[in-house]
Amino acid sequence: MCFLRGKENGKRGHIKAVWENMARMCVKTRRLDVAHVCLGNMGNARAAKALREAKAEPEPEAQVAMLAIQLGMLEDAEKLYKSCQRFDLLNTFYQASGQWQQALETAEVQDRIHLRSTYYNYAKYLESMGDQIQAITFYEKSDTHRVEVPRMLQDDTPSLEVYVSKTKDKSIYKWWAQYQESQSKMDAALHFYERAQDYLSLVRVYCYMGNIQEASQIANETGDRAASYHLARHYESHEDRKQAVHFYTRAQAYNNAIRLCKENGLDDQLMNLALLSNPEDMMEAARYYEEKGSHMDRAVVLYHKLAALTSSSHTPRTEKALELLVAAKKYHQALELCVTHNLTITNDLAERMTVTDSKDLSREARNELLERIADCCMRQGSYHMAAKKYSQAENTVKAMKALLKSGDTEKIIFFANRCRQKELFIMAANYLQSLAWHEDPQILKTIIHFYTKGKALALLAGFYEACAQVEIDDYQNYEKALDALTEAFKCLSKAKDASGGQQAARLADLQHKITLIKKFIHIQRLYSEDPQEAALLCEALLQEPKLDPPIRIGDAFGFLINHHCQKGNLEAAYHKLEELQKLLPTQNIACYISQASLQALQSKMEVFKGRGGRAGVTEEDEVEEDL
C-alpha cells in the first residue's frame, strides 16, 4: 500500500511539473488565458490571485511580467517591464527582489515620481540592517528625517544629540528644544529655541522664568506677532495695562487693545487703535465716543472712515456717518459721502444742510454749499429739490435747467415769470417749443410772450416761421401762414444782426416766401372772378424758383387739377396728375385734390379701360392706384 501511495504521489508531482512547464511556456507565448488553467491545475492560488490583479494594468507585457515573477522567471519579468516602459513596476520589482542599487538608479532616472518613496524604503531597509549612518542619509533625502531620525535614535540619546547639533533644520531644533524643556533643562531649551528662531517659545519660557525684560526685548526687536500677543496677555494678567496695550498693538490684536482702552479710559490711544483696526472694531470705538458724548468729533471721523472703507452700496454704517457729519455741521464731508456711496439726499436732509445763519458761513461759502447740495440732487434725479437749492444759491440759470430736466411745464412757466430774467424767458420758450404747442393756443401765446420778454427777436422770428409752416402743412391755410411770416419779417427786421451778415440773407428769404404766398393767395381769390386767368397765373407760379416749401407743389398742382375737372377737361387734369406723380413719386397725391375731382378722374379711368386703353401704359396704372 505504501508503495502504491508513493507511486501515486510521484505521479501527481510529475503532473504538477508538467503544468508548471506549460505555465512557463505561457510566459514565452504570452497566453494568459492558458496560464490561468495551468496555475489552477498547479494549485498555486497565490499566483492565480496575483495574475487576476495584474489584469488591471493596461499593458499586456506588465500582466505577463507578473506571471513570470510568480513562476520565478525574474530575468523575463525584468525584460517585460522594460519593454513596456513600466518603470514604476520595475522599481517595485527591484525593491521586492532586494536589488536596491537598480531600484535607486531606476527611480533617479526613469521613475522620479517615486524617488522619495524609494529613498524612504531603502532607508527603512538600511535601518533594519543596522546601518544607521546610511539610513540617516536616505531619510534626509526622502525628507522624512524630522520624524524618522529621532524615532530611530530615541534609545541612543548621545547619538541623537550629536545629530541635532550637526543638523541645520529648524524643525529639529524646535523639537529638541521642546524635549529639553520637558526635561526642565531651560538653558538648553532657550539655546535651541533661539537657533530655531521660535520667538514665541523664547518669550514664553522667559516669562515662565520671570525674565520679563528679556522677553520684552525679544518681542520688540523681532516684531513677532505671536510673541507680542503672549507677552501682552502676560502684562494684562499682571495689570500692567499700558504695556499690554502696547504689545497687543504690536501683535495687531487691535480688538484686545481697544477693549483695554475702553475699560480703562485710555481715549487718546483708543482713537489711533480704532483707525488701524477692522471696521467692526472701528464701529465699536465710534459708538463708545458717541455714547460718552465728550469726543463727538472723533466719532464723526471714525464713522466717516467706516463709510470710506465700505462699498458703494447703501449701508447703516454709511447712514450713521452721514447723520453725525450733518450734526457736526461738516456738510462738505457729508456731501462727499453721499456722492461716494450713492446716498439719496432726502428733503429733510437737504434742509438740515441748508445754512440759514450767516454767522456760520459767509454768503459765498453758503452759496457754494447749496450748489453742491443741488449738484448731488441732480445726480440722483431729484430735479425739483435741485432747482430749489440752486435758487437759494442765487443761481437761477442752473435752477431753470433743473426744472427743464424735470419736465414740469407749470413750474417752468411760473419760475420764468417770477425771476423775469431774459435768459430764463428764452430757456423756457425753447423748452415750450418742444411740446405740442400747435395743439394748445395758451402755450403758443406763452412762447411768443417769453421770446418777447427775453427780447429774442431772432428766435421769435424763427418761431413765427415754424407757425407758418404748420399752417401750410397741416391746414393748407396760406392766409394765416402769410400773417405769421409777416410777423417774422417784422421781428427779424428789429433784431440786432449778430450773425455776421446772415440776417440780411434770412430777411431776403422771408421776403421771397411772403411774395410767393401773396401770389398764391391772389390766385385763389381771383379764381371766383376769372378762373382762366387764375389758372394761367398758377402755371406761371409753378415756374418760380424755390417755390417749395413756401408753396407746396402739390397744392399748386391740385389747384390746376381741380380747375380742369370743374371745366370738364379731364384729359388735361389727368396729364397734370401724371406730372405731379413724377414730381412726388413717394407721396400720396390724392391729398392735394378735391373729392369731386377724384371721383371724376376715377370715372374717366374706368371708361378708358372699358374701351381697351393702350397696352403697356404703366404710369396710368400707378396714377389709378394712387387715386
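Numbering of residues starts from 1 in every chain and runs along the sequence as written. The predicted nature of this model means local features are confined to residues of pLDDT at least 70 and side-chain atom pairs, given and counted, to a pLDDT of 80 or more, with totals for whole chains, interfaces and linings taken over all residues. Side-chain calculation: all heavy atoms of the structure are included, whereas hydrogens and water are not.

Caption draft 1: View of the overall build of the protein. Put simply, DSSP H or I for four residues or longer makes a helix, DSSP E for two residues or longer makes a strand, and each gets a number counted from the N terminus. Per the secondary structure count, the protein includes 38 helices and 0 strands. With 627 residues in all, the protein has 41% of them scored as buried. Of the accessible surface of the protein, which amounts to about 34600 Å², a share of 50% is contributed by carbon and sulfur atoms. Exposure is judged per residue with a 1.4 Å probe applied to protein chains only, and the accessible area is read against the type maximum: over 50% gives exposed, under 20% gives buried, and values in between give partly exposed. In short, Shrake-Rupley with a 1.4 Å probe defines the accessible areas, and a residue's cover is counted only from the protein chains shown.

Caption draft 2: Here's a closer look at helix α2 (residues 32-42). Burial in α2 covers these residues: L32, A35, C38, L39 and M42. An end-on view of α2 places all buried positions within 105° of arc, on one side of the element. Two residues or fewer after α2 comes G43, characterised by a positive phi angle close to 75°. The arc in question is the one traced by the directions running from the helix axis out to the C-beta atoms.

Caption draft 3: Representation of the packing of aromatic side chains in the model. We call Phe, Tyr and Trp rings a pair once their centres come within 6.5 Å, taking the six-membered ring for Trp, and we label the pair stacked below 30 degrees between planes, edge-to-face above 60, and tilted otherwise. Scanning all chains against the criterion turns up 19 aromatic pairs. Between Y235 and F247 the ring centres are 5.7 Å apart and the planes differ by 10°, which places this aromatic pair in the stacked class. Of this pair, Y235 sits in helix α16 (residues 225-237) while F247 sits in helix α17 (residues 241-250), placing them 12 residues apart in sequence. A relative accessible area of 0% places F247 in the buried class.

Caption draft 4: Region of interest: the packing of helix α25 (residues 363-380) against helix α26 (residues 383-392). An axis is simply a line fitted to the C-alpha atoms; with a helix, the fit covers only the stretch in contact. Between two such axes, the angle follows the N-to-C directions and lies from 0 to 180 degrees. Put simply, α25 and α26 touch, their axes get as near as 8 Å, and they point 165° apart. By the criterion of interaxial angle, the relationship of α25 to α26 is roughly antiparallel. Seen along the crossing, α25 lies across α26 with a hand that is left-handed. Note on element contacts: α26 touches α25 through Y383, M385, A386, K389, Y390 and Q392, opposite R366, N367, L370, E371, I373, A374, D375, C377 and M378. Here the nonpolar group is Ala, Val, Leu, Ile, Met, Phe, Trp, Tyr, Cys and Pro; Asp, Glu, Lys and Arg are the charged ones; every other residue, Gly included, is treated as polar. Classifying every residue of the contact of α25 with α26 by side-chain character gives 9 nonpolar, 2 polar and 4 charged. Angle categories: roughly parallel below 35 degrees, roughly antiparallel above 145, roughly perpendicular from 65 to 115, and oblique for all the rest. Crossings are assigned a handedness: left-handed for a near helix turned anticlockwise from the far helix by less than a right angle, right-handed for a clockwise turn. Two residues form a contact once any of their heavy atoms are found within 4.5 Å.

Caption draft 5: Structural view of the confidence of the model for the protein. Summarising the model, the protein shows a mean pLDDT of 81, and 87% of its residues fall at 70 or more. As a per-residue measure, pLDDT tells how confident the predictor is, with possible values from 0 to 100. Here helix α38 (residues 618-626) stands out as the least confident element of the protein, with mean pLDDT 49; helix α28 (residues 409-419) is the most confident, with 93. Long-range and interchain partners of residues 1-7, a stretch whose pLDDT sits below 50, account for 0 contacts in this model, where long-range means more than four residues apart. Here residues 611-621 is a poorly scored stretch, pLDDT under 50, and it has 9 contacts once near neighbours within four places are set aside; other chains count.

Caption draft 6: Structural detail: the side chain of H563. Counting through the fold element by element, H563 comes out in helix α35 (residues 553-566). Looking at H563, the relative accessible area reads 2%, which means it is buried. Residues contacting H563, with those up to four places away along its chain left out, are Y527, P531, Q532 and A535.

Caption draft 7: Representation of the UniProt feature "coiled-coil region" (unreviewed entry) in the protein in the model. What UniProt calls "coiled-coil region" (unreviewed entry) maps, in this numbering, to residues 468-495. Overall, residues 468-495 shows 89% helix and 0% strand. The separation of its end C-alpha atoms is 19 Å. UniProt positions are given in the numbering used here, feature names are shortened, and annotations may be inferred rather than shown by experiment.

Caption draft 8: How the structure looks around the environment of I133. Inspection of the secondary structure puts I133 in helix α9 (residues 132-141). A relative accessible area of 67% places I133 in the exposed class. Spatially, the C-alpha atoms of I133 and A123 are 9.8 Å apart, while their sequence positions differ by 10 residues.

Caption draft 9: Molecular detail of the packing of helix α8 (residues 115-128) against α9. Where α8 meets α9, the closest approach of the two axes is 8 Å, and the angle between their N-to-C directions is 160°. When the interaxial angle is binned, α8 and α9 end up roughly antiparallel. In this structure, the crossing between α8 and α9 has a hand that is left-handed. Between α8, through R116, Y119, Y120, Y122, A123, K124, L126 and E127, and α9, the contact on the second element is made entirely by Q134, A135, F138, Y139 and K141. Of the residues assigned to the contact of α8 with α9, the class counts are 8 nonpolar, 1 polar and 4 charged.

Caption draft 10: Inspection of the nonpolar core at higher detail. Membership of the largest hydrophobic core comes to 98 residues, with the highest contact counts inside it found for L322, I345, M353, M400, I447, I517 and I561. Ranked by residues supplied to this core, first place goes to helix α33 (residues 502-526) with 9 residues. Once you skip the residues sitting within four places of it in the chain, I517 turns out to touch I472, Y478, L482, L485, P550 and I551. We define a nonpolar core as any set of buried Ala, Val, Leu, Ile, Met, Phe, Trp, Tyr and Cys residues linked to one another through side-chain atoms lying within 4.5 Å. Within the second largest apolar cluster, 61 residues are counted, among which are F138, V149, A244 and A253.

Caption draft 11: Structural context of the environment of A35. With respect to the element layout, A35 can be found in helix α2. The class of A35 is buried, set by a relative accessible area of 0%. In this structure the C-alpha to C-alpha distance between A35 and E20, which are 15 residues apart in sequence, comes to 9.2 Å. If near-sequence neighbours (up to four positions away) are discounted, A35 is found in contact with C26, L51 and L67.

Caption draft 12: Summary view of the pattern of salt bridges. What makes a salt bridge here is a side-chain nitrogen of Lys or Arg within 4 Å of a carboxyl oxygen of Asp or Glu, nothing more. Using the criterion set out here, one finds 26 salt bridges in the structure. One salt bridge in this structure joins K389 and E351, with 3.2 Å as the shortest N-O distance. Residue K389 is found in helix α26, and its partner E351 is found in helix α24 (residues 347-352); the two are separated by 38 residues along the sequence. A relative accessible area of 34% means that E351 is categorised as partly exposed. Between K576 and E579 there is a salt bridge, and its shortest N-O distance comes to 3.7 Å. On the criterion of helical spacing, the pair formed by K576 and E579 is a turn pair, its members being 3 residues apart in helix α36 (residues 570-583). Overall, the relative accessible area of 36% leaves E579 in the partly exposed class.

Caption draft 13: Structural detail: helix α6 (residues 87-96). When you tally the buried positions in α6, you get 7 out of 10 residues, the bulk of the element. Listing the buried residues of α6 in full gives F87, L89, L90, N91, F93, Y94 and Q95. Just past α6, the residue G98 takes up positive phi, approximately 80°.

Caption draft 14: Summary view of unusual backbone geometry. P549 follows D548 through a cis peptide bond whose omega is 25°. If you trace the backbone, P549 turns up in the loop between α34 (531-541) and α35. Backbone geometry at Q85 places phi at a positive 60°, although glycine is not the residue there. You can call Q85 exposed: its relative accessible area is 58%. Phi at D143 is positive, roughly 60°, even though this residue is not glycine. Along the polypeptide, D143 turns up in the loop between α9 and α10 (145-152). The class of D143 is partly exposed, set by a relative accessible area of 36%.

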